[in-house]
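Next come the chains, spelled out residue by residue.
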Amino acid sequence: MMKIQKIMVIGAGQMGSGIAQVCAQSGFQVVLNDLKDEFLDRGLGVITKNLTRQVDKGRMTEADKDQVLANITRSTNLQDASSVDLVIEAAVENMEIKTKIFEQLDEIAPKETILASNTSSLPITEIAAATKRPEKVIGMHFMNPVPVMKLVEIIRGLATTDEVYQAIEDLTKALSKVPVEVNDFPGFVSNRVLMPMINEAVYTLYEGVATKEAIDDVMKLGMNHPMGPLTLADFIGLDTCLYIMEILHEGFGDDKYRPCPLLRKYVKAGWLGKKTGRGFYTYE
């Protein structure tokens, strides 16, 4: 059976730093890799802040916190993949960038190393095709924020072996997460169901059916969603929502996935949600 002890996480952004944190908290050796030191500083700053909050709440001792941080090594060189058992890629959601990373990893990492992608919508089979080890490529889609959310969608590419799937399922459980097995179709399960709901909410606003507050209240109070779809879209980023809708639309070739023109308009205006201070709602 494959033994995973040392994990490289590529990308120290919101998702990557969260993945690095949960791996380090579960006792794994983590190599956190990004292009620049400043990105690593930012990611490690967020991890430290999260852990300090756990200490303040009495959920972790100061010694535990130091141990978790000691489990993480910094890296700005992909060559560091030559000593790891698993790579989890959490770079930007862009096929060209991902396939390039996987091509390089395939050259650098030992032949038994598993290569995983935290993509939220791109086909694992296509990413795997950039390597000479498609059977060892798999999707590990963590949810945001990673330290809090329990789900990991594990996506089998066309060539992924049962042994590799099992190793990643076991790892997910070792991280105190819940693995759900999904086959490689556009948007997997999470975004295939969520994004058309958000898109439909945008259409409902676009057509003047109700105000944004009313639409969000209906879903919160009527369907027991913790957050309304338009607020959620702002949190995810309207550019990300549009990008995933386009992947669904292109991947299935079905009009029901057509992105709402209002969503396109907001993205063109640079109103991307919370991160830009304005989306469907305005943020201070």
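Residues numbered from 1 in each chain as written. Predicted model: local features only at pLDDT ≥ 70, side-chain atom pairs only at ≥ 80, totals over all residues. Heavy atoms only, no water.

Novice: Any chance you could explain the environment of Ser17 here in plain terms?
Specialist: Among the structural elements, Ser17 can be located in helix α1 (residues 14-25). Residue Ser17 is classed as buried on the basis of its relative accessible area, which comes to 4%. Each C-alpha atom, one on Ser17 and one on Gly45, is 9.3 Å from the other, the two residues being 28 residues apart in sequence. One polar contact links the side chain of Ser17 to the main-chain carbonyl oxygen of Gln14, over a distance of 3.4 Å. (Helix = DSSP H or I, 4+ residues; strand = E, 2+ residues; numbered from the N terminus. Buried < 20%, exposed > 50% of the residue type's maximum accessible area, 1.4 Å probe, protein only. Polar contact = N/O pair within 3.5 Å; in protein donor to acceptor, adjacent residues only side chain to side chain.)

Novice: Looking at this structure, how should I read the side chain of Lys177?
Specialist: Structurally, Lys177 is set in the loop between α6 (162-174) and β8 (178-183). Buried and unpaired, Lys177 has no salt bridge, with Glu153 as the nearest side chain of opposite charge at 14 Å. Leaving out residues up to four positions away in the same chain, Lys177 has contacts with Val22, Val146, Pro147, Val148, Met149, Lys150, Val152 and Thr172. (Lys, Arg positive; Asp, Glu negative; His and termini not counted. Salt bridge = Lys/Arg side-chain N within 4 Å of Asp/Glu carboxyl O. Contact = heavy atoms within 4.5 Å.)

Novice: Hey, could you run me through the sheet that holds strand β4 (residues 86-89) in this one?
Specialist: Within a sheet, neighbouring strands are paired by backbone hydrogen bonds and run either parallel or antiparallel to one another. An order of β3-β2-β1-β4-β5-β6-β7-β8 is seen for the eight strands of this open sheet, with the pairing classed as mixed. Taken across any chain shown, the strands that pair with only one partner, and hence form the sheet edges, are β3 (72-75) and β8. Put simply, the sheet's adjacent strands are angled 25° from each other on average, direction ignored. The pairing of strand β5 (residues 114-117) with strand β6 (residues 137-142) spans three bridges and is parallel. (Pairing = 2+ DSSP bridges. Axes fitted to C-alpha atoms, helices over the stretch in contact; angles between N-to-C directions.)

Novice: Help me understand the pairing of strand β7 (residues 151-156) in this model?
Specialist: Strand residues, when the strand is regular, have side chains that alternate between the two faces of the sheet. For β7, a buried count of five out of six residues is recorded, marking the element as mostly surrounded by other parts of the structure. Where β6 and β7 come together, five bridges link them in antiparallel fashion. Residue pairing across strands places His141 opposite Glu153, the latter belonging to β7. Taken together, β7, α6 and β8 constitute a β-α-β crossover, and its handedness is right-handed. (Right-handed = clockwise from strand over helix to strand, strands pointing away.)

Novice: Looking at this model, I keep getting lost on helix α7 (residues 190-206). Mind explaining?
Specialist: Within an α-helix, residues lying three or four positions from one another point in the same direction, as the helix has 3.6 residues per turn. Between its terminal C-alpha atoms α7 stretches 24 Å, which fits the 24 Å expected from 17 residues at 1.5 Å a residue. Every buried residue belonging to α7 is among Ser190, Asn191, Met195, Pro196, Ile198, Asn199, Ala201, Val202, Tyr203 and Leu205, and all of these are buried. Considering only its buried residues, α7 is in contact with β6, β7, α8 (212-223), α9 (229-236), α10 (238-252) and α11 (261-268). Two residues or fewer after α7 comes Gly208, characterised by a positive phi angle close to 75°. (Expected span 1.5 Å × (residues − 1).)

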